[in-house]
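Tertiary structure, described
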Amino acid sequence: YGDWSSDVCSSDLWAAGIFRPLEAMNATLSEVEAGALGARTGITESTDEIGRVAHHLDAMLDLVQQRDAQLRRWTEELDQRVAERTRELQAANAELAATQRQLIMSEKLAAIGEITAGVAHEINNPAAVIQGNLDVAREVLGPAVAPVKTEFNLIDQQVHRITVIVSKLLQFARPGEFAGHLDPVVPSEVVGDALLLVQHLMSRGEIAVARVQAATAYRFCA
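These numbers were taken from a predicted model, which means no experiment stands behind them.

Thresholds, definitions, all that
- Residues numbered from 1 in each chain as written.
- Predicted model: local features only at pLDDT ≥ 70, side-chain atom pairs only at ≥ 80, totals over all residues.
- Heavy atoms only, no water.
- Helix = DSSP H or I, 4+ residues; strand = E, 2+ residues; numbered from the N terminus.
- Buried < 20%, exposed > 50% of the residue type's maximum accessible area, 1.4 Å probe, protein only.
- Contact = heavy atoms within 4.5 Å.
- Areas by Shrake-Rupley, 256 points an atom, 1.4 Å probe, with all protein chains shown as cover.
- Salt bridge = Lys/Arg side-chain N within 4 Å of Asp/Glu carboxyl O.
- Expected span 1.5 Å × (residues − 1).
- Patch = residues over 30% accessible without salt bridge, like charges linked within 9 Å, V, L, I, M, F, W, Y side chains within 5 Å.
- Core = buried A, V, L, I, M, F, W, Y, C linked by side-chain atoms within 4.5 Å.
- pLDDT = per-residue confidence, 0-100.

1. Re the overall build of the protein
Of regular secondary structure, the protein possesses six helices and two strands. Walking the protein from its N terminus toward its C terminus, one meets helices and strands in the order α-α-α-α-α-α-β-β. Counting the 222 residues in the protein, one finds 13% classified as buried. Sequence-distant contacts in the protein: of pairs separated by 6 or more residues, those separated by 24 or more amount to 48%. Put simply, the protein shows about 17,000 Å² of open surface, and 61% of that area lies on carbon and sulfur atoms.

Shown next as structure tokens:
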């Protein structure tokens, strides 16, 4: 009876030595499947076949955890590179869009310049004819021009006004052609030219312009 009891105890110990590592491995695998890559069996004292399997499982889990960390680092680096490349592409697209807008604006300005040049040519020709015939009339009439001198002077002023307006329009439409000219500018003359361009608008709005010479300023009143 004593030998049989001893055999039973030995069998229990042997079974426990087998099942305990198996249960530990099963629990560890369940934790790993749930996302806990740091889970291990923790079996270090067993030297039998089952214990060596448990040790091997822990080693494999160490390798898996290392590979997972490495993959995560690579993924983060890839995400950073993709984000950086995306920003570069966005910046390039924005620059391209700005360049396209500038090209469109340049083409529009070039078209305006061509149209304005044609209009200026069409206006300058009859204005030159008017001025030339006016000069001829003065020369032919001589002293007899006195009764209409005021009217002739008025025609001179209007022809000059036409010439100035056309010149200002050309400067606006083709600024590149005037960029190299660095002539002295008198502020009062600049204001006068500007007023000349908008004189018809002010007359419509019944706006009078009074120039104060002492202060070199303008007062606008309606």
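More follows now that the structure is in view.
2. Quick look at the pattern of salt bridges
Summed over all chains, the structure comprises five salt bridges. Of the charged contacts in the structure, one is a salt bridge between Asp62 and Arg40, with a shortest N-O distance of 2.7 Å. Of this pair, Asp62 sits in helix 2 (residues 49–141) while Arg40 sits in the loop between helix 1 (2–33) and helix 2, and the two are 22 residues apart along the sequence. Relative accessible area serves as the criterion here: at 35%, Asp62 is assigned to the partly exposed category. Relative accessible area serves as the criterion here: at 25%, Arg40 is assigned to the partly exposed category. Here Asp156 and Arg138 are joined by a salt bridge, their closest N and O atoms 2.1 Å apart. Taken together, the positions of Asp156 in helix 3 (residues 149–173) and Arg138 in helix 2 put the pair 18 residues apart, joining distant regions of the chain. Judged by its relative accessible area of 25%, Arg138 falls in the partly exposed class. Put simply, Asp135, Arg138 and Asp156 are held in one network by salt bridges that share partners.

3. Thoughts on helix 2
With 93 residues, helix 2 extends 135 Å from end C-alpha to end C-alpha; this agrees with the ideal 138 Å at 1.5 Å per step. Among all positions in helix 2, only Gly51, Ala54, Leu57, Asp58, Leu61, Gly113, Thr116, Ala120, Ala127 and Leu134 are buried.

4. Description of a nonpolar patch on the surface
Side chains of Ile115, Val119, Ile123 and Ile162 sit close together on the surface and give an oily, nonpolar patch of about 310 Å² of accessible area. Per-element accounting of the nonpolar patch gives the leading share, three residues, to helix 2. In this structure, Ile123 sits in helix 2.

5. A look at the nonpolar core
Residues Ala24, Met25, Val32, Ala39, Ile43, Ala54, Leu57 and Leu61 constitute the largest nonpolar core, which totals eight residues. Broken down by secondary-structure element, the contributors of at least two residues to this core are helix 1 and helix 2. Not counting chain neighbours up to four residues away, the residues in contact with Val32 comprise Leu37, Ala39 and Leu61.

6. So, the environment of Gly51
Locating Gly51 in the fold gives a position in helix 2. Separated by 29 residues in the primary sequence, Gly51 and Leu22 have C-alpha atoms spaced 8.8 Å apart.

7. Focus: the side chain of Asp58
In this structure, Asp58 sits in helix 2. Apart from residues no more than four positions distant in its own chain, Asp58 is found in contact with Arg40, Thr41, Gly42 and Ile43.

8. A look at the confidence of the model for the protein
In regions of low pLDDT, the predicted coordinates are not meant to be interpreted in detail. Overall, the prediction assigns the protein a mean pLDDT of 77, with 79% of residues at 70 or greater. Of all secondary-structure elements in the protein, the lowest mean pLDDT belongs to strand 2 (residues 217–221), at 45, while helix 2 reaches the highest, 86. Under a pLDDT of 50 for its full length, residues 1–8 has, in the predicted model, zero contacts with residues more than four places off or in other chains. Contacts for the low-pLDDT stretch residues 215–222, under 50 throughout, to residues beyond four places or in other chains number 22 contacts.

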